[in-house]
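What follows is each chain in one-letter form.
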Amino acid sequence: MVLLTRETKGVFAIAPTPFDSDGSVDFTSLGRLVDFYESTGVTGLTLLGQMGEAPKLTHGEAVRIVDYVLKRTGLPVVVGVSAPGFAAMGALASDVMAAGAAGVMIAPPHTLRTDDQIVAYYQGAAEEIGTEVPLVIQDYPLSFSVVMSPSVIARIARDTPGCVMLKHEDWPGLEKISTLRRLETAGDMPRLSILCGNGGLFLDFETERGADGAMTGYCFPEMLVEVVRRTAAGDRAAAHDLFDAHLPLLRYEQQAGIGLAVRKYVMKRRGLLASDRQRSPAGVLSAAARAEVDYLLSRLTRGDAGISLTA
């Protein structure tokens, strides 16, 4: 079993949860997704995040999904275990780590307001899941309404040994990455692996600022892998050229309320999902929106020769 560390780098693709037309988990599509992700060269996978519709799953379904994926792939798998209470969080973390997960990701509840509350919350969460379990902080104030300053993240990293990674989704957030790396260099905090989300919308510059890669679910993960690779190789222009070809679709997919619907629709068109169904409540693409996504895909296939669609 490979565990997350403070040095983890690369791209962890966040997998959507496929559902059949009747709303049950579609394990056939899930297996196809896992095989596809492996073929793109991603470093690992993340399950049960917001885009994985985790709150709409039962505990049993969540554990079955994680167990299925871990038995199908040797890639390290991070599992979202955020929950309203520590008891549910601890139970899910225990089950997925026993199954072979590489670590767990925890988002802050929206009730946290002060720096001390945020730090105390992550200390309590770490004690609940086990201090030996690798922990990923999910910093996404646009969604969770919890603002974590670099000094707060530094405190969590210092006071919570199990915390090894930051999923960085602040916006604007480039200066935060630079500040965190300066704090590390000055010895004011231990190193954290920084993988960035937000659909990859700022990945071109995030990697240049010191991020170690991406943890997001953009529907063309091979682009994320290649941008990270080209940046690491010092080929800045080529990294930006590829990123720019995908930027219109990245932007469209980032719309609040329908982002997952866009992502699942594209993955269905790529032949990965049998259905783009979500569990309720869910955003729905209108006929006009689907036509716009189709148009963006037609332009993308001209801008990125490696892209292919099956439908």
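Everything here concerns the structure above.
Here the structure is a predicted model, which means the values were calculated and not measured.

A. Examining the pattern of salt bridges more closely. Tallied over the entire structure, the rule returns 22 salt bridges. The residue arginine 229 makes a salt bridge to glutamate 226 at a minimum N-O spacing of 2.5 Å. One end of the pair, arginine 229, and the other, glutamate 226, are both in helix H9 (residues 221–232), three residues apart, so they sit about a helical turn from each other. Using a relative accessible area of 47% as the deciding quantity, one classes arginine 229 as partly exposed. Shared partners join several salt bridges into a network, and the residues in it are Glu7, Lys9, Arg181, Glu184, Arg191 and Asp212.

B. Structural detail: the side chain of arginine 181. Among the structural elements, arginine 181 can be located in helix H7 (residues 174–185). Given a relative accessible area of 13%, arginine 181 falls into the buried group. A polar side-chain atom of arginine 181 sits 2.8 Å from a polar atom in the side chain of glutamate 184. There is a polar contact of 3.0 Å between the side chain of arginine 181 and the backbone oxygen of glycine 210. Other than its neighbours up to four places away in sequence, arginine 181 contacts Arg191, Leu192, Ile194, Arg209, Gly210 and Asp212.

C. Region of the structure containing the packing of aromatic side chains. Scanning the entire structure with this criterion turns up seven aromatic pairs. Ring centres of tryptophan 171 and phenylalanine 202 lie 5.3 Å apart, and the angle between their planes is 70°; this geometry places the pair in the edge-to-face category. Of the two residues, tryptophan 171 is situated in the loop between strand E6 (163–168) and H7 and phenylalanine 202 in the loop between strand E7 (193–196) and helix H8 (203–209); the sequence distance between them amounts to 31 residues. Tryptophan 171 sits in the partly exposed class, given a relative accessible area of 37%. The class for phenylalanine 202 is partly exposed, based on a relative accessible area of 26%. A connected cluster of aromatic rings, assembled from ring pairs, spans Phe86, Tyr121 and Tyr122.

D. Molecular detail of the sheet that holds strand E2 (residues 44–47). In space, the eight strands of this closed barrel follow the order E1-E2-E3-E4-E5-E6-E7-E8, with parallel pairing throughout. Neighbour to neighbour, the strand axes of the sheet diverge by 25° on average, direction disregarded. Across two bridges, E7 lies against strand E8 (residues 213–216) in parallel orientation. Each bridged residue has a counterpart across the sheet, and for leucine 195 the counterpart in E8 is glycine 213.

E. The arrangement of unusual backbone geometry in detail. A cis amide bond links tryptophan 171 with the next residue in sequence, proline 172, at an omega value of 0°. Checked against the element boundaries, proline 172 lands in the loop between E6 and H7. Going from serine 280 to proline 281, the amide bond is cis rather than trans, its omega being 0°. Within the element layout of this structure, proline 281 appears in the loop between helix H11 (259–269) and helix H12 (287–303).

F. Fine view of the environment of leucine 300. Considering the arrangement of structural elements, one finds leucine 300 in helix H12. The exposure class of leucine 300 is buried, given its relative accessible area of 3%. A sequence separation of 53 residues divides leucine 300 from leucine 247, and the C-alpha atoms of the two residues are 9.4 Å apart. Not counting residues within four places of it along the chain, the set of residues in contact with leucine 300 comprises Tyr218, Phe220, Ala245, His246, Leu249 and Ile307.

G. Main features of helix H1 (residues 27–40). With 14 residues, H1 should reach 20 Å at 1.5 Å per residue; the first-to-last C-alpha distance of 20 Å fits that figure. Every buried residue belonging to H1 is among Phe27, Ser29, Leu30, Gly31, Leu33, Val34, Phe36, Tyr37 and Thr40, and all of these are buried. Its side-chain oxygen at 3.2 Å from the backbone nitrogen of threonine 28, aspartate 26 defines the N-terminal cap of H1. Just downstream of H1, glycine 41 is the residue with a positive phi angle, here 85°.

H. Inspection of the packing of H11 against H12 at higher detail. Their axes nearest at 11 Å, the elements H11 and H12 cross at an angle of 55°. When the interaxial angle is binned, H11 and H12 end up oblique. Here H11 runs over H12; the crossing is right-handed. Seen from H11, the contacting residues are Val262, Tyr265, Val266 and Arg269; seen from H12, they are Arg290, Val293, Asp294 and Leu297. Per-class residue counts for the contact of H11 with H12 are five nonpolar, no polar and three charged.

Cut-offs used in this document
Residues numbered from 1 in each chain as written. Predicted model: local features only at pLDDT ≥ 70, side-chain atom pairs only at ≥ 80, totals over all residues. Heavy atoms only, no water. Salt bridge = Lys/Arg side-chain N within 4 Å of Asp/Glu carboxyl O. Helix = DSSP H or I, 4+ residues; strand = E, 2+ residues; numbered from the N terminus. Buried < 20%, exposed > 50% of the residue type's maximum accessible area, 1.4 Å probe, protein only. Polar contact = N/O pair within 3.5 Å; in protein donor to acceptor, adjacent residues only side chain to side chain. Contact = heavy atoms within 4.5 Å. Phe/Tyr/Trp six-rings, centres within 6.5 Å; stacked < 30°, edge-to-face > 60°. Pairing = 2+ DSSP bridges. Axes fitted to C-alpha atoms, helices over the stretch in contact; angles between N-to-C directions. Expected span 1.5 Å × (residues − 1). Parallel < 35°, antiparallel > 145°, perpendicular 65-115°, else oblique. Left-handed = near helix turned anticlockwise from the far one by under 90°. Nonpolar A, V, L, I, M, F, W, Y, C, P; charged D, E, K, R; others polar.

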